[in-house]
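Understanding the architecture of this molecule
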Amino acid sequence: MDRLEQQIRFIVEIDRLKAICRRTMLIDRSRDENSAEHSWHIALMAPLLAEYADAKVDLLKVMKMLLVHDVVEIDAGDTYCYDASAHADKAQREQAGAKRIFGLLPSDQATEFRALWEEFEAAKTPEAKFANAMDRLQPLINNFHGEGASWKGNGITVQQVEKRMEPVGAAARSLGEYVRQVLEISLERGYLEPGK
């Protein structure tokens, strides 16, 4: 199989990401978003919000990371961030998906994309920290502007969201402040459960 055929095979395979449903609703509350929509949304958020990153980041690398970070869900499925039991075997499922899906590519691109995915998962570099911040911020924005539909539908507490949003403030203090304000308003409006 030549290089182009391998690349086309990968392109055809990643179309399946459009069928992986998440538990975050579109802002208009008409349906849940899919993983491909989520990846596109956060990849576009990155250049829009890069000015708020506390550390200088390679924006192209961040965008590539965001475009590939959920590709493994084709095999592993989306793991709802507030479902603790589903996280038990998440890493194993996603590693297997990464091996198969990135393995469709020519070896140089397979190595590059797999490394981007692993860097995102480790969340240690400035780029990975900022990418993770975008990944977490987007569902918060959708929930807030969608009147808490996904939060209310799943009985999510303000403490759960605060914990989930910690990487946002760690990568971009001003975006962390935005998150804090959104959570205060969401609690006042009944979008989130007060918790304990």
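As a reminder, the structure under discussion sits directly above these lines.
Notes on the structure follow. Predicted, not measured: the structure shown is a model, and the values here were computed from it.

Overview of the layout of surface pockets
Approximately 560 Å³ is the volume found for the largest pocket. Residue lining of the largest pocket: 30 residues in total, with Thr79, Cys81, Lys90, Asp135 and Arg164 positioned closest to the centre. Taken together, the elements giving at least two residues each to the lining of the largest pocket come down to strand E1 (21-25), helix H5 (90-102), helix H6 (107-122), helix H7 (126-145), helix H8 (149-153) and helix H9 (158-171). Looking at the lining of the largest pocket element by element, the count peaks at six residues for H7.

Here's the deal with the nonpolar core
Here is a general trend for soluble globular proteins: nonpolar side chains tend to be buried in one another's company. Counting residues in hydrophobic clusters, the biggest one holds 51 residues, and the most contacted among them are Leu66, Phe102, Met134, Leu137, Leu140, Trp151 and Val161. Looking at this core, the elements that each hand over two or more residues are helix H2 (35-49), helix H3 (59-68), H5, H6, H7, H9 and helix H10 (173-189). Take this core: its biggest share by element is eight residues, from H7. Leu140 has contacts with Trp151, Val161, Met165, Tyr178, Val179, Val182 and Leu183, leaving out every residue within four places of it along the chain.

Quick word on the packing of aromatic side chains
On inspection of all chains with the given rule, the structure shows three aromatic pairs. Plain terms: the ring middles of Phe10 and Phe113 are 5.9 Å apart, the flat faces sit at 65 degrees to each other, and that makes the pair edge-to-face. On the criterion of sequence distance, the pair formed by Phe10 in helix H1 (residues 3-14) and Phe113 in helix H6 is long-range, its members being 103 residues apart. Here Phe10 and Phe113 have matching classes, each one buried. Seen in terms of ring centroids, Phe144 and Tyr191 are 6.2 Å apart; in terms of plane orientation they differ by 65 degrees. Their pairing is edge-to-face. Separated by 47 residues along the polypeptide, Phe144 in helix H7 and Tyr191 in the segment after H10 bring together distant segments of the chain. Here Phe144 matches Tyr191 in class, with each residue buried.

Considerations on the pairing of E1
Side-chain alternation along E1 places Arg22 and Thr24 on a buried face and Cys21, Arg23 and Met25 on a face that remains uncovered. Across two bridges, E1 lies against strand E2 (residues 32-34) in antiparallel orientation. Bridging across to E2, Met25 finds its partner in Asp32. Count of turn residues in the E1/E2 antiparallel hairpin: six residues, of which Arg29 carries a positive phi of about 65 degrees.

Brief notes about the side chain of Glu33
Position of Glu33 among the secondary structure elements: in strand E2. Take Glu33: its relative accessible area is 1%, and that puts it in the buried class. Among the polar contacts made by the side chain of Glu33, one reaches the side chain of Arg22 at a distance of 2.7 Å. Within the structure, the side chain of Glu33 is placed 3.0 Å from the side chain of Gln138, a separation counted as a polar contact. Each residue touching Glu33, except ones within four places of it in the same chain, is listed here: Ile20, Cys21, Arg22, Thr24, Met25, Leu26, His38, Gln138 and Asn142.

Observations regarding H7
Relative to the 28 Å expected for 20 residues at 1.5 Å per residue, H7 spans 28 Å between its end C-alpha atoms, a close match to the ideal helical length. After H7 finishes, the residue Glu147 shows a positive phi value of roughly 55 degrees.

Notes on the environment of Ile20
Summarising the element assignment, Ile20 is placed in the loop between H1 and E1. By relative accessible area, Ile20 is classed as buried at 15%. Sequence separation between Ile20 and Pro194 is 174 residues, and the spatial gap between their C-alpha atoms is 30 Å. Residues contacting Ile20, with those up to four places away along its chain left out, are Glu33, Asn34, Ser35, Glu73, Ile74, Gly77 and Asp78.

Regarding the pattern of salt bridges
The tally for this structure, following the rule as stated, stands at 18 salt bridges. Residue Asp108 is joined to Arg3 by a salt bridge in which the shortest nitrogen-to-oxygen separation is 2.8 Å. Here the residue Asp108 occupies a position in helix H6, and Arg3 occupies one in helix H1, the gap between them amounting to 105 residues. Using a relative accessible area of 39% as the deciding quantity, one classes Arg3 as partly exposed. For Lys90, the salt bridge identified is with Glu94, shortest N-O distance 3.8 Å. In this pair, Lys90 and Glu94 both sit in helix H5, four residues apart, roughly one turn of the helix. Given the relative accessible area of 6%, Glu94 is considered buried. One network of salt bridges, in which partners are shared, links Glu13, Arg16, Asp75 and Arg100.

Criteria and thresholds
- As a convention, each chain's residues are numbered from 1 in the sequence order in which they are written.
- Per-residue local features of the predicted model are confined to residues with pLDDT of at least 70, and side-chain atom pairs are confined, for both listing and counting, to 80 or more; whole-chain, interface and lining totals are unaffected and use all residues.
- As a convention, hydrogens and water are excluded, and side-chain values are obtained from all of the structure's heavy atoms.
- Using protein atoms alone on a 1 Å grid, points that fit a 1.4 Å probe yet trap it form a cavity, whereas open point sets bounded by protein on both sides within 12 Å along at least five of seven lines form a pocket; residues with an atom within 4 Å of a point count as lining.
- Grid points are joined across faces, edges and corners, and a volume is the space filled by probe spheres set on the points.
- Under the scheme used here, helices are H or I runs from DSSP no shorter than 4 residues and strands are E runs no shorter than 2 residues, and both carry numbers assigned from the N terminus.
- Residues belong to a common nonpolar core when they are buried Ala, Val, Leu, Ile, Met, Phe, Trp, Tyr or Cys residues joined through side-chain atoms within 4.5 Å.
- Burial status follows relative accessibility: with a 1.4 Å probe on protein chains alone, a residue under 20% of its type maximum counts as buried, one over 50% as exposed, and anything between as partly exposed.
- Any two residues having at least one pair of non-hydrogen atoms within 4.5 Å are treated as being in contact.
- Working definition: a ring pair exists when centres of Phe, Tyr or Trp rings (six-membered ring for Trp) sit within 6.5 Å. Plane angles under 30 degrees give stacked, over 60 give edge-to-face, the rest tilted.
- Should DSSP find at least two bridges between two strands, the strands are taken to pair.
- Polar contact is defined as a pair of N or O atoms within 3.5 Å, subject to the rule that within protein one atom must be able to donate a hydrogen and the other to accept it, and that residues adjacent in sequence are counted only when both atoms are side-chain atoms.
- A helix is expected to span 1.5 Å for every residue after the first.
- Here, a salt bridge means any side-chain nitrogen of Lys or Arg that lies within 4 Å of a carboxyl oxygen of Asp or Glu.

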